[in-house]
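Coordinate analysis (summary)
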Amino acid sequence: MKSLFVFDALGFLFRAYYAVPPMTNDKGEETHALFGFIKQIQKVLKDFDPEYCVAVFDGPDNKASRTALCPLYKSNREKAPEDLVRQMVWAEEFCKLIGIETLTLRGVEADDTIGSIAKWTEANNIELLICAQDKDLFQLVSEKTKMLNVHKNNLVIDRDYVIERFGVPPEKIVDFLAIVGDSSDNVIGMKGIGPKTAAKWLAEVGSLQSILDNPEKVQGGKKKELIESSKERLILSQKLVSLHTDIPFPKEPSFFKREPIDLETLRSFFKQFKFHSLMPSLTKASKEESSANPEEKENASATLAPSSKLATTERILVDSHETLNTFCDSLEKATKICFDTETTGLDPMQDRLVGIGFAFDNKKTYYIPLNSTLSKEHILEKLKIAFAKTEGAFFAHNLKFDLLILWQFGLFPKRFDFDTMLASYLLFAAIHRHSLDYLALEFLDLEKTPLSDLIGTGKKQITMLEVPIERAAQYCSEDVEVTWRLRDIFEKKLSESSLEKLFYDVEMPLVALLAEMQKVGIYVEKEPLAYLGTTLKERTALLEKEIFALADESFNLNSPKQLSSILFEKLSLHPPKKTKTGFSTNSDVLEQLKKEHPIAEKILAYRSYEKLRSTYVDALPEYINPKTGRIHCTFNQTMTATGRLSCHSPNLQNIPVRTEEGLKIRKAFCPKEGSSFVAADYSQIELRVLAHLSKDEALIEAFQKGEDIHTHTASLIYDIPLEQVSSHERFCAKAVNFGIVYGQGPFGLSQNLKIDIATAKSFIEAYFRRYPKVKTFLESCKELALKEGLVKTLLGRIRHLPDIHSKNPHLKAASERLSTNTPVQGTGADIIKLAMIKLHKLLKDRDLNGFMVLQIHDEILLEVPDHEVEATKEALKEAMEEVICLLVPLVVTLKVGKNWAEC
């Protein structure tokens, strides 16, 4: 054994627990720490492929030896969350499956076990690589022992690195930590002495013992007295941070040698925890172990072999006049048409169509390449005729994308009735995993061929146009087969979940509508953006100078670490929030610091301008399509668990509307000559939905009378007549109104209104006294979530809340907030979708030429010929206000402008 890798398993798990977004399995158990742990282990195995390794865990009663010295040792640490403890057990199980031995010794901390291993490897001339970032382990670094920081791209930590980071070599780390102390472990050290001073003393005097024996050698003021008074504390701290390196452990090389991976059991393990993204790594490992990989054929065959996991008996490559004619005859007669497009990229407005796959039943698939011996023009002409004749209904996975591709090449399906991605989204909205690869694994137990196997990754990546036709045919045929089978499964599940009406009446009609919006796009002028970009650069440059003047030095404004040092060390501001890596400098913190120092406000302004410039001003022109001169952002139906639409590439929903710069960005968006923008915005739709769902008489009455709801709420909370409500009281009531919808508690409201928690609590209590049925409704939402693990909107949209029973109080509280917010926000999202569908129909029925270009939460923006503005406004008002019957009226605000800012 020449080298050994040691994994600090608990370090990996704790980091993943706080760094990886929440994930759960079917039982609602948290799995994110386990997932992060696996990814870290896999990275090391992939990059280094160690022959000998071990994962070290803390043993039971592991603090006993140090608490005997100091009862307060680590007493400040909270008990490990129950859900994390459970994941520790699974992490050990994973290690066994991946062929890595684990080491857990009773009464021993993992660091001491690692220290003992380091002493042994050093004595036996074995190179040791400790995969960890715990500073206590830096004392082990030597010529033979190094550390590996997996989270910094496998940064190797050697003696030079330790000296550069701490100012002392590894052999002095114990003394350094004893002086500085460690608040996370309750190691006190010497009060008032920081890292720089500790390093300086050790460099000048030599060691902690020398400092204690010769305190007069330490220069500066009353340091001698301080050292003498801290002697016992320093000796204790030194003992606490020193690793025990005499722990018995197995020393046979066979103990550390990696065993073969149990692929099948590991595959079951990944499936158990829904780690489908990790499955391809198993397929790759299986291929590498197999020596029987047949060579790929260079030429296409007429009949292509199907996957053994699928029931399709025949795959046909349409690459001759005969097969094309036969295919078109079948297409014209088909009743159900599953299809999938292969393209050169992911931009349906610009990328080329490479081929199309089809299936009319579950027995046969067809692939039509547009880069074969047949001319593309001939193929498209034949397909246009067949598309026009067929009465069959088309369906696909991610139908909108495929429709836009077909439209671009003159192919227009007359009917389409299903989208497996949309069906998955409706059934499992909270999961956020609706790719065909994921669904094939989840429902068909099929590991699809990854696209990267065909086109590669990184700089060597090619397009589907360069992939051999037979390989593209296999890949596309598999997609079609999977989509066909998923439809059968999802149709049943939609029926069982009572989601058919929502799917067929709301989501499916919206597909073509959003595709049309994406196709027409929106025009933006470059010149105003360029001018604004120059202005913002000048402002940020000026702010940078002012910030540096206030700090009395220049530094990297975009570095949280450097900014934290300026704010909390040099300027001695009071840090209100600490993170795992230090003191936070986020916007919430800076808002609180504005009262202490003017630098905070200038940093906030600098960040605001920089974000506008980088996110919109500089980026938007890059999205302009050279063919159309317009931006064609992608509208998403499957991204939000509440049902709200989102958009990206670019995201136009988040452009600020209340700032001067945000309005200038919006001003650059304008309609074509002879047209105007017409905007329709629902007035307080979520509060109106809340009134309907809660059936609260006072809330309903206020809306029915057309009163300003925030003024009305203020009059009830403050118990004063409507006419006496001040603007400040209305502002507070508005915050309470919307805070209630979003599940905000006293703390959140106090932060929002800059008031004390007691006052915020009294506001919420007063609100519920005046609107008692609102409280009853919100409690009923929580009860439903606790009972069934889900909540529903008025139209039946479902949101599963697996964390509602979590032992993690933060996850449980977040789920409770979602249980009250989702029915309200989700119903509002459903309503505006219905309104868009109704408006689309009205515009066509009334021969109006206006068209929707954007949807921003509760607002719809249309581009309308000037002579049709009034007629379009009438259609808008009718579509949006009469789309659904609630206990309160829906009210729409209409605006017209020659640019978006005017709307």
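No experiment lies behind these values; they were computed from the predicted model shown.

Examining the state of the cysteines
Scanning all chains against the criterion turns up 0 disulfides. No disulfide involves cysteine 95; its sulfur sits 8.6 Å from the nearest other cysteine sulfur, which is in cysteine 53.

Considerations on the pattern of salt bridges
Taken as a whole and judged by the stated rule, the model has 41 salt bridges. Ionic pairing is found between arginine 315 and glutamate 481, a salt bridge with its closest N-O pair at 2.5 Å. Placement of arginine 315 in strand β8 (residues 314-317) and of glutamate 481 in helix α21 (residues 469-496) is noted, with a sequence separation of 166 residues between them. Here glutamate 481 falls in the buried class, since its relative accessible area comes to 1%. Notably, a salt bridge pairs lysine 877 with glutamate 881, separated by 3.0 Å at the nearest N-O pair. Separated by 4 residues within a single helix, lysine 877 and glutamate 881 lie in helix α36 (residues 869-881), roughly one turn from each other. A residue is classified by how much of its surface remains accessible, and lysine 877, at 37% relative accessible area, is partly exposed.

Let's talk about the sheet that holds strand β24 (residues 859-865)
Strand pairing in a sheet relies on backbone hydrogen bonds. The paired strands run either parallel or antiparallel. With antiparallel pairing, 4 strands are arranged side by side in an open sheet as β23-β24-β20-β25. The outermost strands of the open sheet, each flanked by one partner alone, are β23 (851-856) and β25 (892-897). Direction aside, neighbouring strands of the sheet carry axes that sit 20° apart on average. In this structure, strand β20 (residues 675-682) lies alongside β24, joined through 7 bridges in antiparallel fashion.

A few points about helix α23 (residues 526-551)
Look at α23: 37 Å from first C-alpha to last across 26 residues, which is about the 38 Å you get at 1.5 Å a residue. The complete set of buried residues in α23 reads Leu529, Leu532, Gly533, Thr535, Leu536, Thr540, Leu543, Ile547, Phe548 and Ala551. Buried residues in α23 make contact with α24 (560-570), α26 (598-617) and α27 (660-667). Residue aspartate 552 follows α23 closely and has a positive phi angle near 65°.

Topic: the packing of helix α30 (residues 709-717) against helix α33 (residues 757-770)
Where α30 meets α33, the closest approach of the two axes is 9 Å, and the angle between their N-to-C directions is 100°. Classified by the angle their axes make, α30 and α33 are roughly perpendicular. Note on element contacts: α33 touches α30 through Phe763, Ala766, Tyr767 and Arg770, opposite Thr713, Leu716 and Ile717. For the contact of α30 with α33, a count of residues per class yields 5 nonpolar, 1 polar and 1 charged.

Regarding helix α18 (residues 420-427)
Extensive coverage of α18 is indicated by the burial of 8 of its 8 residues. Contacts from the buried residues of α18 go to β12 (393-396), β13 (416-419), α19 (436-444), α21, α22 (500-520) and β22 (798-800). The N-cap residue of α18 is aspartate 419: its side-chain oxygen and the backbone nitrogen of methionine 421 are 2.9 Å apart.

Some details on empty space enclosed by the protein
By the definition in use, this model includes 2 cavities of 30 Å³ or more. Around the second largest cavity, the lining residues are Gly643, Arg644, Leu645, Ala829, Ile832, Lys833, Gln855, His857 and Asp858. Per-element tally for the lining of the second largest cavity: the top contributor is helix α35 (residues 809-845), with 3 residues. Here the residues of the lining of the second largest cavity are counted per class, giving 3 nonpolar, 3 polar and 3 charged.

Topic: the packing of aromatic side chains
Enumeration according to the criterion identifies 37 aromatic pairs in this entry. On the numbers, 6.2 Å between centres and 65° between planes, the contact of phenylalanine 7 with phenylalanine 12 is edge-to-face. Each ring, one from phenylalanine 669 and one from tryptophan 900, has its centre 5.4 Å from the other, and the planes form 85°; the classification is edge-to-face. Here tryptophan 900 lies in the segment after β25 and phenylalanine 669 lies in the loop between α27 and β20, a separation of 231 residues in the sequence. According to the relative accessible area criterion, tryptophan 900 is buried, its value standing at 1%.

Quick word on the sheet that holds strand β6 (residues 155-157)
Pairing is mixed in the open sheet, where 6 strands are placed in the order β3-β2-β1-β4-β5-β6. Single-partner strands in this sheet number two, and they are β3 (101-104) and β6. Shown here is a sheet whose adjacent strand axes are inclined to one another by a mean of 25°, direction ignored. Examined bridge by bridge, strand β5 (residues 145-149) and β6 share 3 bridges and lie antiparallel to one another. Across the sheet, asparagine 149 pairs through a bridge with leucine 155, a residue of β6. Of the strands in this sheet, β2 (53-57) and β3 are in contact with helix α4 (residues 82-97), which crosses β3 at around 140°.

Section: the environment of leucine 84
Within the element layout of this structure, leucine 84 appears in helix α4. Along the backbone, leucine 84 and methionine 836 are 752 residues apart, and their C-alpha atoms lie at a distance of 45 Å. Residues within four places of leucine 84 in sequence aside, it is in contact with Leu13, Phe14, Tyr17 and Ala33.

Quick word on a positive patch on the surface
A cluster of basic residues, Arg15, Lys152, Arg165 and Lys561, forms a positive patch on the protein surface. Along the chain, the position of arginine 165 falls in helix α6 (residues 159-166). Using a relative accessible area of 47% as the deciding quantity, one classes arginine 165 as partly exposed.

Concerning the environment of valine 511
Topologically, valine 511 is positioned in helix α22. Sequence-distant contacts of valine 511, that is, excluding residues within four places in its chain, are made with Leu399, Lys400, Leu403, Leu422 and Gln637.

A look at the pairing of β2
Looking down a regular strand, the side chains alternate between one sheet face and the other. The element β2 is largely enclosed, with a buried count of 5 among its 5 residues. Burial of β2 is two-sided: the residues Cys53, Ala55 and Phe57 facing one way and the residues Val54 and Val56 facing the other way are all buried. Across 4 bridges, β2 lies against β3 in parallel orientation. Within the sheet, the bridge partner assigned to valine 56 lies in β3 and is leucine 103.

A word on the environment of glycine 743
By the element assignment, glycine 743 lies in the loop between α31 (727-741) and α32 (746-753). The class of glycine 743 is partly exposed, set by a relative accessible area of 23%.

Criteria and thresholds
Residues numbered from 1 in each chain as written. Predicted model: local features only at pLDDT ≥ 70, side-chain atom pairs only at ≥ 80, totals over all residues. Heavy atoms only, no water. Disulfide = S-S within 2.5 Å. Salt bridge = Lys/Arg side-chain N within 4 Å of Asp/Glu carboxyl O. Helix = DSSP H or I, 4+ residues; strand = E, 2+ residues; numbered from the N terminus. Buried < 20%, exposed > 50% of the residue type's maximum accessible area, 1.4 Å probe, protein only. Pairing = 2+ DSSP bridges. Axes fitted to C-alpha atoms, helices over the stretch in contact; angles between N-to-C directions. Expected span 1.5 Å × (residues − 1). Contact = heavy atoms within 4.5 Å. Parallel < 35°, antiparallel > 145°, perpendicular 65-115°, else oblique. Nonpolar A, V, L, I, M, F, W, Y, C, P; charged D, E, K, R; others polar. Polar contact = N/O pair within 3.5 Å; in protein donor to acceptor, adjacent residues only side chain to side chain. 1 Å grid on protein atoms, 1.4 Å probe; cavity = no way out; pocket = protein on both sides within 12 Å on 5 of 7 lines; lining within 4 Å. Points joined across faces, edges and corners; volume = space filled by probe spheres on them. Phe/Tyr/Trp six-rings, centres within 6.5 Å; stacked < 30°, edge-to-face > 60°. Patch = residues over 30% accessible without salt bridge, like charges linked within 9 Å, V, L, I, M, F, W, Y side chains within 5 Å. Areas by Shrake-Rupley, 256 points an atom, 1.4 Å probe, with all protein chains shown as cover. Lys, Arg positive; Asp, Glu negative; His and termini not counted. Charge placed at Lys NZ, Arg CZ, Asp CG, Glu CD.

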